[in-house]
Amino acid sequence: MKILVLNAGSSTQKSCLYDLSDDAAPDMPATPVWEGLIDWTHQGEAAEIRVETAGGKTLKKLVPTDDRAKVIADLLYTLCQGDTRVIDSFAAIDLVGHRVVHGGAEYRECTRITPAVKEAIARLAVFAPVHNPVNLEGIEAIERILGDVPQFAVFDTAFHHTLPATAYVYPGPYDWLEQGIRRYGFHGISHQYVSQRAAQLLGQPLTSLRLITCHLGNGCSVTAVHEGRSVETSMGFTPLEGLMMGSRSGSIDPGILIHLLRQGHTPDDLDRVLNQESGLKGISGLSNDMRHIHAAIAAGNERAALAFDLFIHRLQTAVSGMLPSLGGLDVLVFTAGIGENDPLVWSGLCRGFEFLGLKLDPDRLQRSPDDQEISAPDSRVRVLVIHTHEDWAIAQTCLRLYSTSQRQ
Ligand code: ADP
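Quick summary incoming for the structure in this document. The shown structure was predicted, so the numbers you read here are calculated from the model rather than taken from an experiment.

**Concerning the overall build of the protein**
Okay, so step 1: The secondary structure content of the protein amounts to 14 helices and 14 strands.
Okay, so step 2: For a compact globule of 408 residues, the expected C-alpha radius of gyration is about 22 Å, and the protein comes in at 21 Å, within 12% of that figure.
Okay, so step 3: Seen through its C-alpha atoms, the protein measures out along the principal axes to roughly 60 × 55 × 50 Å.
Okay, so step 4: When the 408 residues of the protein are sorted by exposure, 51% land in the buried category.
Okay, so step 5: Across the protein, every contact between residues at least 6 apart in sequence was considered, and the portion connecting residues at least 24 apart equals 62%.
Okay, so step 6: Working note: accessible area of the protein is about 18,900 Å², and carbon and sulfur atoms make up 50% of it.
Okay, so step 7: Charge separation in the protein, taken as the distance between the mean sites of 35 positive and 48 negative side-chain charges, equals 1 Å.

**A closer look at the site of the ligand**
Okay, so step 1: The ligand sits among Gly217, Asn218, Gly219, Asp289, Met290, Arg291, Ala336, Gly337, Ile338, Asn341, Asp342 and Arg367.
Okay, so step 2: Backbone polar atom of Ile338 to an oxygen atom of the ligand: 3.4 Å apart, as the coordinates give it.
Okay, so step 3: Contributing elements (two or more residues each) for the shell around the ligand: α10 (290–298) and α12 (336–341).
Okay, so step 4: When residues of the shell around the ligand are assigned to their parent elements, the largest contribution, four residues, is made by α12.
Okay, so step 5: In terms of residue class, the shell around the ligand is made up of three nonpolar, five polar and four charged.

**Description of the side chain of His187**
Okay, so step 1: For His187, the location among the structural elements is in the loop between α5 (174–178) and α6 (188–202).
Okay, so step 2: Given the relative accessible area of 10%, His187 is considered buried.
Okay, so step 3: Leaving out residues up to four positions away in the same chain, His187 has contacts with Asp156, His215, Gly219, Cys220, Ser221 and Met235.

**Some points on the sheet that holds strand β3 (residues 34–39)**
Pairing between sheet strands relies on hydrogen bonds along the backbone, with the strands arranged either parallel or antiparallel.
Okay, so step 1: Within the open sheet, the eight strands sit side by side as β5-β4-β3-β2-β1-β6-β8-β7. Their pairing is mixed. Here the strands that pair on one side only, and so sit at the sheet edges, are β5 (58–63) and β7 (111–112).
Okay, so step 2: Where strand β1 (residues 2–8) meets strand β6 (residues 95–100), five bridges bridge the pair, whose relative direction is parallel. Pairing of Leu6 across the sheet is with His98, part of β6.
Okay, so step 3: Helix α3 (residues 132–146) rests against β1, β6 and β8 (151–155) of the sheet, and its axis sits at about 165° to β6.

**Details of the sheet that holds strand β12 (residues 331–335)**
Okay, so step 1: Spatial ordering of the open sheet is given by β11-β10-β9-β12-β14-β13, a layout of six strands whose pairing is mixed. For this open sheet the edge positions go to β11 (229–233) and β13 (372–373), each flanked by a neighbour on one side alone.
Okay, so step 2: Looking at chain direction, strand β9 (residues 210–216) and β12 are connected through five bridges and run parallel. Bridging across to β12, Cys214 finds its partner in Phe334.

**Concerning the nonpolar core**
Okay, so step 1: Grouped together as the largest cluster of nonpolar side chains are 43 residues, with contacts concentrated most on Ile212, Leu216, Phe311, Leu332, Phe334 and Val345.
Okay, so step 2: Going through the elements one at a time, β9, β10 (220–226), α10, α11 (302–326), β12, α13 (343–350) and β14 (382–385) are the ones with two or more residues in this core.
Okay, so step 3: In terms of residues, this core owes the most to one element, α11, which gives eleven residues.
Okay, so step 4: Setting aside residues up to four positions removed in sequence, Phe334 forms contacts with Cys214, Leu216, Gly339, Val345, Trp346, Leu349, Cys350, Ile374, Val383, Leu384, Val385 and Ile386.
Okay, so step 5: Membership of the second largest hydrophobic core comes to 32 residues, among which are Val194, Leu209, Val333 and Trp392.

**Quick look at the packing of α11 against α13**
Okay, so step 1: Between α11 and α13, the shortest axis-to-axis distance is 9 Å and the interhelical angle comes to 50°. Judged on the interaxial angle alone, α13 and α11 are oblique. Considering the relative orientation of α11 and α13, their crossing is right-handed. Contacts between α11 and α13 involve Phe308, Phe311, Ile312, Leu315, Gln316 and Val319 from the first element and Leu344, Val345, Gly348 and Leu349 from the second.
Okay, so step 2: Here the residues of the contact of α11 with α13 are counted per class, giving eight nonpolar, two polar and no charged.

What counts, and at which threshold
Residues numbered from 1 in each chain as written. Predicted model: local features only at pLDDT ≥ 70, side-chain atom pairs only at ≥ 80, totals over all residues. Heavy atoms only, no water. Helix = DSSP H or I, 4+ residues; strand = E, 2+ residues; numbered from the N terminus. Rg over C-alpha atoms; globule rule 2.2 N^0.38 Å. Buried < 20%, exposed > 50% of the residue type's maximum accessible area, 1.4 Å probe, protein only. Contact = heavy atoms within 4.5 Å. Areas by Shrake-Rupley, 256 points an atom, 1.4 Å probe, with all protein chains shown as cover. Lys, Arg positive; Asp, Glu negative; His and termini not counted. Charge placed at Lys NZ, Arg CZ, Asp CG, Glu CD. Near = heavy atom within 4 Å. Polar contact = N/O pair within 3.5 Å; in protein donor to acceptor, adjacent residues only side chain to side chain. Nonpolar A, V, L, I, M, F, W, Y, C, P; charged D, E, K, R; others polar. Pairing = 2+ DSSP bridges. Axes fitted to C-alpha atoms, helices over the stretch in contact; angles between N-to-C directions. Core = buried A, V, L, I, M, F, W, Y, C linked by side-chain atoms within 4.5 Å. Parallel < 35°, antiparallel > 145°, perpendicular 65-115°, else oblique. Left-handed = near helix turned anticlockwise from the far one by under 90°.

Spelled out as C-alpha cells, the structure:
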C-alpha cells in the first residue's frame, strides 16, 4: 500500500510517501521512501523544492514562478521522474492523506474528502486563515494531478473533540459559543500519537494512564490526556493561546489589545506582533530558535535568559493548571523540536514538580535519536521523550479508515 501524506503549513509544504508493504513492524514508524519539501519563504517569485529518498537520492532546485499549483506539481513529478523516482507512475499511489489544521466542531475524526468536506474546510478558513486555504490547495492539486485517488483529511483539532464544556467554553457572552468562538485545541495528531506511543513504551493500556503531553516546537502546546482522551489543552480558538512560543506570545491580557487598538494599531499590526514578533524572539530580540537562545545565554545575554525563564515559567503554569483535570499525573511526555532535544527544558519544567515525587535521572538527560525515558527509577511520574511522527500517524489513520470502508 503506497500512501502519500501532505502536510501544508504557512511557509512550507512537507510531503512524504510511505510504502506500507515494506513495513516489517506496523507499530513502529516507518521511514518514508520519498520526502519532499517546498519552501515558500524565498524572496522574489520563486519557491525551493527539496527531495530526499530512502535510497539516498537528493534534489534541490528553485522553481522560478509564483504559480503555487505549478510548484506543487513539480514536486510531485519527482516521485516518478528523474533521479528521485520511487514509483513508475502516479497510478501506484493508493491513498493520499492531508493534515488539515481546522476541522471545527463537526469533524471529530479522519474523513474521506468529498465536495462537502472541501466546502467545510473552505468555510472553516475564517477560523484558520493561514492554514485551511493551503490545505485545500494541496487537496485540489492532488485532484488535478492524481485524478480520483481516495483522499482523506486528518484534522489537527479532532483529538480535542472530547474536551468537556468547561475546557472549551470561553467565559464571554454565550453568543460567542453559538458563533463558534470557543476553544478547539491544535497539534492533536501529535498529542494523540505520543500518548499512544507512551502507553506502548510503558507496556500499559493508554486507558489506565493520566498523561500530560508537551509539544514544544515552533508552536507549543500541552494537553492533558485521561483514559486516552484529550480533557484539557493549552491552545484555544486559534493556535495563539496558551504557552509562550518561538515567535508567538501565547496567552496575554486581552486588555493589552484593547489598549493598543485605541492607540491606533490596526488588527493586522496586532496579528503580526502576536504571531511573529513575540515569544522567545520578542523577549530576546534575537531569535525564535531555542538553540540561539541557549547560545546567547552562554554569552551572557540577559534578555535571552529572561526569554528562557519566561518560557519555562509559562510551561510550568500550564502543566500545573492541568493537574486537577487529571486528578494526578502518571506520565509526562516531551515532543517536537524543543521537547525532543533540549535537556535544559526537561529539567527546567520538571524542577517545579518535585513535590509530586517526580525525579529525573541525571544520567539520562541527553538527546537521543530513540524514544527514551528520562525519569529516575523511583520517580512517581514517568517522564518520556518521544519523537513525534505526525506524517506516519496520518498515514496510519487513513489506512485504518480506508481498510474499514473496504470491508463494509
Ligand atoms: P515545527 O513546529 O515547525 O514543526 P519543530 O518541531 O521542528 O517545529 O521545532 C522547531 C524548533 O525546535 C526550533 O525552532 C528550535 O527552537 C527547536 N530545536 C531544534 N533542535 C533543538 C535543539 N537541539 N535544542 C533546542 N531546541 C531545538
